[in-house]
Amino acid sequence: QVQLVESGGGLVQAGGSLGLSCAASGSIFGVTVMGWYRRAPGQQREAVARVTTSGRTSYADSVKGRFTVSRDNAKNTLYLQMNSLQFDDTGVYYCAIEISGRYYWGRGTQVTVSS
């Protein structure tokens, strides 16, 4: 089994910063991509930021220059540093990992940005 536990969400004013963490445990041998996704109120889930085992990163256009994704392979932990947060960044943020083509998901953590 794979367990993903997100932490670090909360309420922040627009322009502020938050950091998210995702701790992976269980049968996680062979993890390739780790990423953050979010679901805004009334919207579909979208990819926010992803990082490969080699450290290659990709970001949604809406967060480029503001968010930074990183991973610590030794600790099996994924991070997302979010700066200059905007109202539209509000949503539930999910951690996901890919193992042999299958995705595993955390339960999510709420991020609320007040305008």
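Residues numbered from 1 in each chain as written. Predicted model: local features only at pLDDT ≥ 70, side-chain atom pairs only at ≥ 80, totals over all residues. Heavy atoms only, no water.

1. Describing the overall build of the protein chain
- Looking only at helices and strands, the protein chain features zero helices and 11 strands.
- Counting helices and strands in the order they occur from the N terminus, the protein chain gives β-β-β-β-β-β-β-β-β-β-β.
- The globule rule puts the C-alpha radius of gyration for 115 residues at 13 Å, and the 13 Å found for the protein chain is close to it.
- Reported as C-alpha extents along the three principal axes, the dimensions of the protein chain are approximately 40 × 25 × 25 Å. (Helix = DSSP H or I, 4+ residues; strand = E, 2+ residues; numbered from the N terminus. Rg over C-alpha atoms; globule rule 2.2 N^0.38 Å.)

2. Notes on the sheet that holds strand E7 (residues 67-72)
- Taking strand neighbours across the sheet as the criterion, the four strands line up as E1-E3-E8-E7 in an open arrangement whose pairing is antiparallel. Each having just a single partner strand, strand E1 (2-7) and E7 make up the two edges of the open sheet. Across the sheet, the mean angle separating the axes of adjacent strands is 15° when strand polarity is ignored.
- Relative to strand E8 (residues 77-82), strand E3 (residues 18-26) runs antiparallel, the two sharing six bridges. Residue pairing across strands places Cys22 opposite Leu78, the latter belonging to E8. (Pairing = 2+ DSSP bridges. Axes fitted to C-alpha atoms, helices over the stretch in contact; angles between N-to-C directions.)

3. Focus on the side chain of Thr77
- Mapped onto the elements of the fold, Thr77 is located in strand E8.
- The exposure class assigned to Thr77 is buried, which follows from its relative accessible area of 10%.
- Engagement of the side chain of Thr77 in a polar contact is seen with the backbone oxygen of Lys75, the distance being 2.9 Å.
- The residues contacting Thr77, other than those within four sequence positions of it, are Cys22, Ala23, Met34, Ser70, Arg71 and Asp72. (Buried < 20%, exposed > 50% of the residue type's maximum accessible area, 1.4 Å probe, protein only. Polar contact = N/O pair within 3.5 Å; in protein donor to acceptor, adjacent residues only side chain to side chain. Contact = heavy atoms within 4.5 Å.)

4. Points about the state of the cysteines
- Within this structure, the stated rule accounts for one disulfide.
- Each sulfur in the disulfide pair Cys22 and Cys95 lies 2.1 Å from the other. One quick way to see it: the torsion about the S-S bond of Cys22 and Cys95 is about -75°, and its sign makes the bridge left-handed. A residue pair is termed long-range when its members are at least 10 positions apart, and Cys22 in strand E3 and Cys95 in strand E9 (residues 91-99) qualify at 73 residues. (Disulfide = S-S within 2.5 Å.)

5. Details of the nonpolar core
- Trp36, Leu80, Met82 and Tyr93 are the most contacted members of the largest nonpolar core, which has 28 residues in total.
- At the level of elements, E1, E3, strand E4 (31-39), strand E5 (45-51), E7, E8, E9 and strand E11 (109-114) are the ones that each hand at least two residues to this core.
- Leaving out residues up to four positions away in the same chain, Tyr93 has contacts with Glu6, Leu20, Trp36, Tyr37, Arg38, Val48, Phe67, Leu80, Met82, Gly108, Thr109 and Val111. (Core = buried A, V, L, I, M, F, W, Y, C linked by side-chain atoms within 4.5 Å.)

6. Section: the pattern of salt bridges
- Evaluation of the coordinates by the stated rule reveals four salt bridges.
- Arg38 serves as the salt-bridge partner of Glu46, at 2.7 Å between the closest nitrogen and oxygen.
- The class for Arg38 is buried, based on a relative accessible area of 4%.
- Close ionic contact of Lys64 with Asp61 constitutes a salt bridge, the shortest N to O distance being 3.1 Å.
- One salt-bridge network, held together by shared partners, links Arg38, Glu46, Arg66 and Asp89. (Salt bridge = Lys/Arg side-chain N within 4 Å of Asp/Glu carboxyl O.)

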